[in-house]
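Here's the letter readout for the chains.
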Amino acid sequence: MRTKTLKNVLDKKIERLKLYGVWLEAFGNPGRKGKVWLFYGEEKNGKTWFSILFADYLAKSEPILYVSAEEGLEESFQDVLMRANVDTENKKFKVIGRGVSLQELDEYLSTRYAPKIVFIDNITVYVEELKNGGLQKLLKNHPEKLFIFIAHEERGEPYTATAKMVKRLADRIVRIQGLVATVGGRTDGGKFIIDQEKAMVLFGSDIKD
């Protein structure tokens, strides 16, 4: 066991995500290595849409991997890509569809040039592989990466015990309701309006950009 002085801690340089504009307002100035984030909400409330918007933004500056394990790469996922107006020419935005095991993903992420930001959509698909220490093993194997997990919601909380575990570990927690993403966790928090017009209908005129 090795101890550190308080000066050692304060002198440590922390690598942070490069966020600007509405993303900086929503997420603050988070560190990026060895972090876990959670996006969750009920079905058809904009989880994947929000996740794709954020992934597309991050991919402007560095490679990201989006694992579309639940929807795959078929029609519904294509629709989300079009709604998000993603940059289809950006080769830094990599996607994987259904059928990839957690072990295969683990092996791919261990390769030299694998992206360091990984979206896993949805936790439910990997629930058996992530429980009983699987989640901890994945995080331990990749301490330099940021994992962003997407989860369903049940009774106001992330669905499955594994998703609740992710929430306890998460540095940033985003609950998506009616196309409004509310950010919490280790930050002052903020809101991101996924679709201003539709959010106004659902929540009223007090919604701000």
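No experiment lies behind these values; they were computed from the predicted model shown.

Draft legend 1. Spatial organisation of the nonpolar core. Core analysis: the largest hydrophobic core is formed by 35 residues, its most contacted members being Phe27, Phe39, Phe50, Phe54 and Phe119. With eight residues, the top contributor of residues to this core is helix α3 (residues 47–58). Look past the residues within four positions of phenylalanine 39 in its chain and what remains in contact with it is Phe27, Phe50, Ser51, Phe54, Phe119, Ile148, Phe149, Ile150, Ala151, Val174 and Ile176. In terms of nonpolar packing, the next biggest core, distinct from the first, is built from 26 residues, Leu38, Leu65, Val118 and Ala170 among them.

Draft legend 2. View of the packing of α3 against helix α4 (residues 75–83). Interaxial distance between α3 and α4 falls to 9 Å at its minimum, and their mutual angle equals 55 degrees. Taken as axis vectors, α3 and α4 run oblique relative to one another. Crossing hand, α3 versus α4: right-handed. The residues of α4 that touch α3, namely those facing Thr48, Trp49 and Ile52, are Phe77, Val80, Leu81 and Arg83. In terms of residue class, the contact of α3 with α4 is built from five nonpolar, one polar and one charged.

Draft legend 3. Seen up close, the pattern of salt bridges. Applying the stated criterion across every chain yields a total of eight salt bridges. Across the salt bridge formed by aspartate 171 and lysine 35, the nearest N and O atoms sit 4.0 Å from each other. Residue aspartate 171 is found in the loop between α8 (161–169) and β7 (172–177), and its partner lysine 35 is found in strand β1 (residues 35–41); the two are separated by 136 residues along the sequence. Here aspartate 171 falls in the buried class, since its relative accessible area comes to 8%. The partly exposed category is assigned to lysine 35, whose relative accessible area is 28%. In this structure, lysine 60 engages aspartate 56 in a salt bridge whose closest nitrogen and oxygen atoms are separated by 3.8 Å. Judged by relative accessible area, lysine 60 falls into the exposed class, the value being 52%. A relative accessible area of 8% places aspartate 56 in the buried class.

Draft legend 4. Expanded view of the side chain of aspartate 106. Along the chain, the position of aspartate 106 falls in helix α5 (residues 102–109). Comment: no salt bridge for buried aspartate 106; closest opposite-charge side chain is lysine 137, at 5.3 Å. Only 2.9 Å separates the side chain of aspartate 106 from the side chain of asparagine 141, close enough to count as a polar contact. Not counting residues up to four positions away in its chain, the partners in contact with aspartate 106 are Leu138, Asn141 and His142.

Draft legend 5. Geometry of the side chain of aspartate 171. Here the side chain of aspartate 171 touches arginine 172 through a polar contact of 2.8 Å, side chain to side chain. If we skip the residues at most four places from it in the chain, aspartate 171 touches Pro30, Lys35, Val36, Trp37, Gly184, Gly185 and Arg186.

Draft legend 6. Inspection of the environment of glutamate 144 at higher detail. Looking at the secondary structure, you find glutamate 144 in the loop between α7 (134–141) and β5 (146–154). Along the sequence, glutamate 144 and lysine 35 sit 109 residues apart, while their C-alpha atoms lie 8.3 Å from each other. Setting aside residues up to four positions removed in sequence, glutamate 144 forms contacts with Lys33, Gly34 and Lys116. Within the structure, the side chain of glutamate 144 is placed 3.1 Å from the side chain of lysine 145, a separation counted as a polar contact.

What counts, and where the lines are drawn
Residues numbered from 1 in each chain as written. Predicted model: local features only at pLDDT ≥ 70, side-chain atom pairs only at ≥ 80, totals over all residues. Heavy atoms only, no water. Core = buried A, V, L, I, M, F, W, Y, C linked by side-chain atoms within 4.5 Å. Buried < 20%, exposed > 50% of the residue type's maximum accessible area, 1.4 Å probe, protein only. Helix = DSSP H or I, 4+ residues; strand = E, 2+ residues; numbered from the N terminus. Contact = heavy atoms within 4.5 Å. Axes fitted to C-alpha atoms, helices over the stretch in contact; angles between N-to-C directions. Parallel < 35°, antiparallel > 145°, perpendicular 65-115°, else oblique. Left-handed = near helix turned anticlockwise from the far one by under 90°. Nonpolar A, V, L, I, M, F, W, Y, C, P; charged D, E, K, R; others polar. Salt bridge = Lys/Arg side-chain N within 4 Å of Asp/Glu carboxyl O. Lys, Arg positive; Asp, Glu negative; His and termini not counted. Polar contact = N/O pair within 3.5 Å; in protein donor to acceptor, adjacent residues only side chain to side chain.

Structural measurements only, silent on function.
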